[in-house]
Amino acid sequence: MEKQIYNPSVMKRVNELDLLKAVAIIAMVFIHVYDASTKLVVTSGVEMSAVWIVEFMGNIPSAGVFMFAMGWGAAFSSRSTPKTYLSRLRQLFILGIVINFFEHFIPSIIDPGHFGTVWEIAPSIIAVDIYFFAAFAMIYFAVMKKYKEKPKTAVTVSVVLVAVCFAVNAIFGCETLSTGNGWIDTLIGLFIRENVWSYFPFISWIVFPVAGYGAAALFKKAKSRGAVLLFSLIAGAALIALSELFMQVFGIPDAVIIGAHEATDASYYSMHPLCALCGCGVIAVEFIIANLIMMAANQRLPKFMSKMSRNVMEIYIAQWVFIGFLTPALIYVTNLWINLLAGAAVTAASYFGAELYIWIKLKNKERKESKSR
């Protein structure tokens with residue numbers, strides 16, 4: 001009989017998830033650099049294929065995986081309490097403002113003629129980027145920790161939350177609640193897609209952290225790798241097939257797989273419930289692929305990939321520092337290959353920038369500890 005390898009008491013990290021997170025941060029840097037070059041000229045079939053890969057990998061396999069991993073990590077965190085997550089909520093809001101400053105304000109300061117003045121884009125300081133979304137997700141995790149000894153209640157809360165969010169999203173759609181005021185619309189956009197700064201509204205994306213939390217709970221109970229892979233295959237295939245079918249039936253734009261390249265910001269960021277379910281299926285299939293890769297590699301993850309997975313937060317922030325200053329130049333790039341080269345350069349710079357920040361932080365901590373002795 002195969003031994004139970006998925007045991008939280010002996011399994012400190014899940015290499016497959018670390019691999020997905022490392023790929024996700026690379027894909028996210030590339031899609032952000034790609035999006036900054038709004039004048040790209042893409043004509044050949046090879047270029048079109050490259051664009052599809054960048055845009056496909058830059059949506060669910062990046063943002064969706066981050067959110068899924070966020071839920072997974074919360075489920076595996078035995079020491080965290082509701083208070084822990086409420087404290088993180090404040091920290092993430094601050095980080096969200098920092099990211100928005102570099103993402104929106106820096107390009108505006110450098111080239112106000114193209115990006116608008118800081119006054120004109122002022123509401124973007126509260127744009128719901130992934131860190132603002134993560135801040136709201138902390139409330140869900142706090143509730144889960146409160147009911148960790150009452151699994152039935154936790155499951156009920158999760159199901160009701162997703163059901164309500166799906167219903168609101170399907171009924172109201174996106175960009176239908178405008179008040180005409182930029183600040184108010186951006187505040188509404190924290191919860192439901194309303195304007196260009198509604199990147200990851202809560203009701204559209206909370207399904208991914210919930211799915212991650214639930215998947216981790218099931219993962220803990222798995223008796224074998226085979227059971228995990230079989231469940232992932234069945235769930236992933238079913239979600240993708242059914243969601244794609246119903247998207248065709250109801251005329252919902254597929255912003256996840258088939259229509260990844262043609263998807264507009266509105267259709268992607270608003271993430272219709274059917275697209276969200278398809279996205280969960282994509283993550284399940286990705287998890288299977290990651291398992292197969294790690295088995296072929298004898299469970300050895302390259303050191304730089306492991307570091308990228310562990311330093312996701314620092315790398316994500318670093319990339320926006322670089323992209324913020326580069327955007328005024330990137331908008332004039334018309335050659336796809338130059339854009340992709342820039343994406344590779346920003347990825348490397350963000351990786352080493354994060355490493356440098358962590359090293360400095362560690363040295364400062366050691367210095368303070370030595371002084372206190």
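Reference entry: report on the structure contained in this document. (Residues numbered from 1 in each chain as written. Predicted model: local features only at pLDDT ≥ 70, side-chain atom pairs only at ≥ 80, totals over all residues. Heavy atoms only, no water.)

## As for the overall build of the protein
Convention followed: Secondary structure elements follow DSSP: runs of H or I no shorter than four residues count as helices, runs of E no shorter than two count as strands, and numbering proceeds from the N terminus. Accessible area is worked out with a 1.4 Å probe on protein chains only. A residue is then buried under 20% of its type maximum, exposed over 50%, and partly exposed in between. Where accessible areas are quoted, they stem from the Shrake-Rupley method and a 1.4 Å probe; at the residue level, only the protein chains shown are allowed to cover. None of His or the chain ends enter the tally, which takes Lys and Arg as positive and Asp and Glu as negative. Where a charge lies is defined by one atom per residue type, namely NZ (Lys), CZ (Arg), CG (Asp) and CD (Glu).
In terms of regular secondary structure, the protein is built from 16 helices and 0 strands. Referenced to the eigenvectors of the C-alpha coordinate spread, the extents of the protein come out at roughly 65 × 65 × 45 Å. For the protein, the residues scored as buried account for 50% of the 373 residues in total. As displayed, the protein offers around 18300 Å² of accessible surface, 69% of which is attributable to carbon and sulfur atoms. Taking the 30 positively charged and 23 negatively charged side chains of the protein as two groups, their mean positions are separated by 20 Å.

## Quick look at helix H15 (residues 312–330)
Under the convention used in this document: What a helix is expected to span follows from its residue count: subtract one and scale by 1.5 Å. By definition, a residue's bend is the angle between the axes fitted to the seven residues ending there and the seven starting there.
Over its 19 residues, H15 extends only 24 Å from the first C-alpha to the last, a length that falls short of the 27 Å expected when each residue adds 1.5 Å. The sharpest bend along H15 measures roughly 40 degrees and falls at Gly-324, with the proline Pro-328 sitting one to four residues further on. All of the buried residues in H15 are Val-312, Ile-315, Tyr-316, Ile-317, Ala-318, Gln-319, Trp-320, Ile-323, Gly-324, Thr-327, Pro-328 and Leu-330.

## Considering the side chain of Arg-193
Worth spelling out the cut-off: The definition of a polar contact used here is a pair of N or O atoms within 3.5 Å, where within protein one atom must be able to donate a hydrogen and the other to accept one, and adjacent residues in sequence count solely through side-chain atom pairs. By the convention used here, residues are in contact when the closest approach between their heavy atoms is within 4.5 Å.
Looking at the element boundaries, Arg-193 is found in the loop between helix H8 (182–188) and helix H9 (202–205). By relative accessible area, Arg-193 is classed as buried at 4%. For Arg-193, the side chain forms a polar contact with the main-chain oxygen of Ser-198, separated by 2.9 Å. Setting aside its immediate chain neighbours within four residues, Arg-193 contacts Cys-174, Glu-175, Ser-198, Pro-201, Asp-265, Ala-266, Tyr-269 and Ser-270.

## Quick notes on the packing of helix H10 (residues 207–221) against helix H13 (residues 273–296)
Applicable threshold: Axes, fitted as lines to C-alpha atoms, cover a helix only where it is in contact. Angles between the N-to-C directions of the axes lie from 0 to 180 degrees. Working rule for angles: under 35 degrees goes down as roughly parallel, over 145 as roughly antiparallel, 65 to 115 as roughly perpendicular, anything else as oblique. Each helix crossing is assigned a hand: it is left-handed if the near helix lies turned anticlockwise from the far helix by less than a right angle, otherwise right-handed if that turn is clockwise.
For the pair H10 and H13, interaxial distance at closest approach is 11 Å and the crossing angle is 40 degrees. Considering their axes alone, H10 and H13 lie oblique with respect to each other. With respect to the hand of their crossing, H10 and H13 are arranged in right-handed fashion. Mapping the contact onto sequence places Val-207, Phe-208, Ala-211 and Phe-219 in H10 and Ala-276, Gly-279, Cys-280, Ile-283 and Phe-287 in H13.

## A closer look at the packing of helix H3 (residues 60–76) against H13
Direction vectors running N to C along H3 and H13 enclose 80 degrees, while the axes themselves pass 10 Å from each other. On the basis of the axis angle, H3 is roughly perpendicular to H13. Residues Ile-60, Pro-61, Gly-64, Val-65, Phe-68 and Trp-72 of H3 lie in contact with H13, whose contacting residues are Gly-279, Val-282, Ile-283, Glu-286 and Phe-287.

## As for the nonpolar core
To be explicit about the condition: Buried Ala, Val, Leu, Ile, Met, Phe, Trp, Tyr and Cys residues form a nonpolar core when they are joined through side-chain atoms within 4.5 Å.
Counting 109 residues, the largest nonpolar core has Ile-130, Phe-133, Phe-141, Phe-200, Trp-205, Phe-208 and Met-271 as the members making the most contacts within it. Those residues within four positions of Trp-205 in sequence are excluded, and the remaining contacts are Ile-60, Ala-63, Gly-64, Met-67, Phe-133, Tyr-199, Phe-200, Tyr-268, Tyr-269 and Met-271.

## Considerations on the packing of aromatic side chains
To keep it simple, the criterion reads: For Phe, Tyr and Trp, rings pair up if their centres lie within 6.5 Å, where Trp contributes its six-membered ring, and each pair is then called stacked (planes under 30 degrees apart), edge-to-face (over 60) or tilted (otherwise). Cation placement over rings: the criterion is NZ of Lys or CZ of Arg within 6 Å of the ring centroid and within 35° of the ring normal.
Summed over the entire model, instances satisfying the criterion amount to 28 aromatic pairs. Pairing Phe-101 with Phe-102 gives two aromatic rings, centres 5.4 Å apart and planes at 85 degrees, and the pair type is edge-to-face. For the pair Phe-219 and Phe-287, a centre-to-centre distance of 6.3 Å together with 85 degrees between the ring planes defines the contact as edge-to-face. Placement of Phe-219 in helix H10 and of Phe-287 in helix H13 is noted, with a sequence separation of 68 residues between them. Under the relative-accessibility criterion, Phe-219 is labelled buried at 5%. It is Lys-220 that lies over the ring of Phe-76; its NZ or CZ is 5.2 Å from the centre.

## Section: the state of the cysteines
Selection criterion: In what follows, a disulfide is any cysteine sulfur pair within 2.5 Å.
This model, assessed by the stated rule, comprises 0 disulfides. Unpaired in this structure, Cys-174 has its nearest cysteine sulfur neighbour in Cys-275, at a distance of 11 Å. Cys-278 supplies the cysteine sulfur nearest to Cys-280, a cysteine that is in no disulfide, at a spacing of 9.4 Å.

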